[in-house]
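Analysis of the macromolecular model
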Amino acid sequence: MNQNEFVLLINPFKDKLFRLAKRLLVSTEEAEDATQEVLVKLWNKNDSLSTYNSVEAMAMTMTKNYCLDQLKSKRASNLKIVHTNFTDRAASLQQKLEDTDSLSWVEKAINDLPEQQRLIIQMRDVEEYEFEEIAKILEMNETAVRVALSRARKTIRTFMTNTHNYGIC
């Protein structure tokens, strides 16, 4: 596979790789490094990429594994999971403040979830992956993915309800 074919194959999902890395590694620089590492690994395998059913699923799995390895390593001990991709340009200033406040509470709720549930929320609700793809990437049963997603959403919903009803959790 030549460079142009490789770029055409990778382009549709390279931003998803970055967003997943950013979700896991918070630091833009770390996420860029992770994405670049995965792309280099894919390039090194470019002769055999056509044999894979889903290059995207493989790339997402590689990204997830690379990021988790980074989080476990000593040099990444100060990283945490955060998501800041939300802006609403058409909203009033008050609405923006309320949205930002709500987003920070949702981020806190997501950050308090177990790692597996955080990844499933990211892939399903942010990246809009199908359950089958998430199951492949996380090497889980599809039913287990659905159950984990349901539990994660319920936890977030309960957290947000308590926050809005009582003002703080």
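Time to look at the nonpolar core. Leu 42, Ile 120 and Leu 138 are the most contacted members of the largest nonpolar core, which totals 44 residues. Those elements giving two or more residues to this core turn out to be α1 (3–10), α2 (14–25), α3 (28–44), α4 (55–72), α5 (93–111), α6 (115–126), α7 (131–138) and α8 (142–166). It is α4 that contributes the most residues to this core, 9 residues altogether. In this structure Ile 120 touches Asp 125, Ile 134, Leu 138, Met 140, Val 145, Ala 148 and Leu 149, once residues within four positions along its chain are discounted.

Right, let's get into the pattern of salt bridges. Taken as a whole, this structure holds 6 salt bridges when the rule is applied. A salt bridge links Glu 127 to Arg 19; the shortest N-O distance between them is 2.9 Å. With a gap of 108 residues between them, Glu 127 in the loop between α6 and α7 and Arg 19 in helix α2 connect regions that are remote in the sequence. Residue class for Glu 127 comes out buried when judged on its relative accessible area of 5%.

Here we come to the packing of aromatic side chains. Applying the stated criterion across every chain, the model contains 1 aromatic pair. Across from the ring centre of Tyr 129, 4.8 Å away, lies the NZ or CZ of Lys 16, which sits over that ring. Against the face of Phe 131 rests Arg 124, its NZ or CZ located 4.1 Å from the ring centre.

With that out of the way, let us pick up the packing of α1 against α3. Packing of α1 against α3 leaves a shortest axis separation of 11 Å and a crossing angle of 130°. With respect to α3, the element α1 is oriented oblique. Regarding α1 and α3, the two cross each other, and that crossing is right-handed. Residues Gln 3, Phe 6 and Ile 10 of α1 form the contact with α3, whose participating residues are Leu 39, Leu 42 and Trp 43. Along the lines of polarity and charge, the residues of the contact of α1 with α3 split into 5 nonpolar, 1 polar and no charged.

Here we come to the environment of Gln 117. By secondary structure assignment, the location of Gln 117 is in helix α6. Assessed through its relative accessible area of 13%, Gln 117 is described here as buried. As for Gln 117 and Val 147, which are separated by 30 residues in sequence, their C-alpha atoms are 9.7 Å apart. Those residues within four positions of Gln 117 in sequence are excluded, and the remaining contacts are Ala 148, Arg 151 and Ala 152.

For the rest of this paragraph, the subject is the side chain of Glu 127. Polar side-chain contacts of Glu 127 include one of 2.9 Å to the side chain of Arg 19. Apart from the residues lying within four places of it in its own chain, the contact partners of Glu 127 are Lys 16, Arg 19, Leu 20 and Gln 122.

The pLDDT averaged across the chain works out to 81; a share of 86% of its residues lies at or above 70. Element-level pLDDT for the chain is lowest in α1, with a mean of 79, against a maximum mean of 92 in α7. The low-confidence segment residues 78–88 (pLDDT under 50) makes 27 contacts with residues lying over four places distant or belonging to another chain.

What follows is about a negative patch on the surface. Negative charge collects at one region of the surface, where Glu 29, Glu 32, Asp 33 and Glu 37 lie side by side. For Asp 33, the position within the fold is in helix α3.

Criteria and cut-off values
Residues numbered from 1 in each chain as written. Predicted model: local features only at pLDDT ≥ 70, side-chain atom pairs only at ≥ 80, totals over all residues. Heavy atoms only, no water. Core = buried A, V, L, I, M, F, W, Y, C linked by side-chain atoms within 4.5 Å. Buried < 20%, exposed > 50% of the residue type's maximum accessible area, 1.4 Å probe, protein only. Helix = DSSP H or I, 4+ residues; strand = E, 2+ residues; numbered from the N terminus. Contact = heavy atoms within 4.5 Å. Salt bridge = Lys/Arg side-chain N within 4 Å of Asp/Glu carboxyl O. Phe/Tyr/Trp six-rings, centres within 6.5 Å; stacked < 30°, edge-to-face > 60°. Lys NZ or Arg CZ within 6 Å of the ring centre and 35° of its normal. Axes fitted to C-alpha atoms, helices over the stretch in contact; angles between N-to-C directions. Parallel < 35°, antiparallel > 145°, perpendicular 65-115°, else oblique. Left-handed = near helix turned anticlockwise from the far one by under 90°. Nonpolar A, V, L, I, M, F, W, Y, C, P; charged D, E, K, R; others polar. Polar contact = N/O pair within 3.5 Å; in protein donor to acceptor, adjacent residues only side chain to side chain. pLDDT = per-residue confidence, 0-100. Patch = residues over 30% accessible without salt bridge, like charges linked within 9 Å, V, L, I, M, F, W, Y side chains within 5 Å. Areas by Shrake-Rupley, 256 points an atom, 1.4 Å probe, with all protein chains shown as cover. Lys, Arg positive; Asp, Glu negative; His and termini not counted. Charge placed at Lys NZ, Arg CZ, Asp CG, Glu CD.

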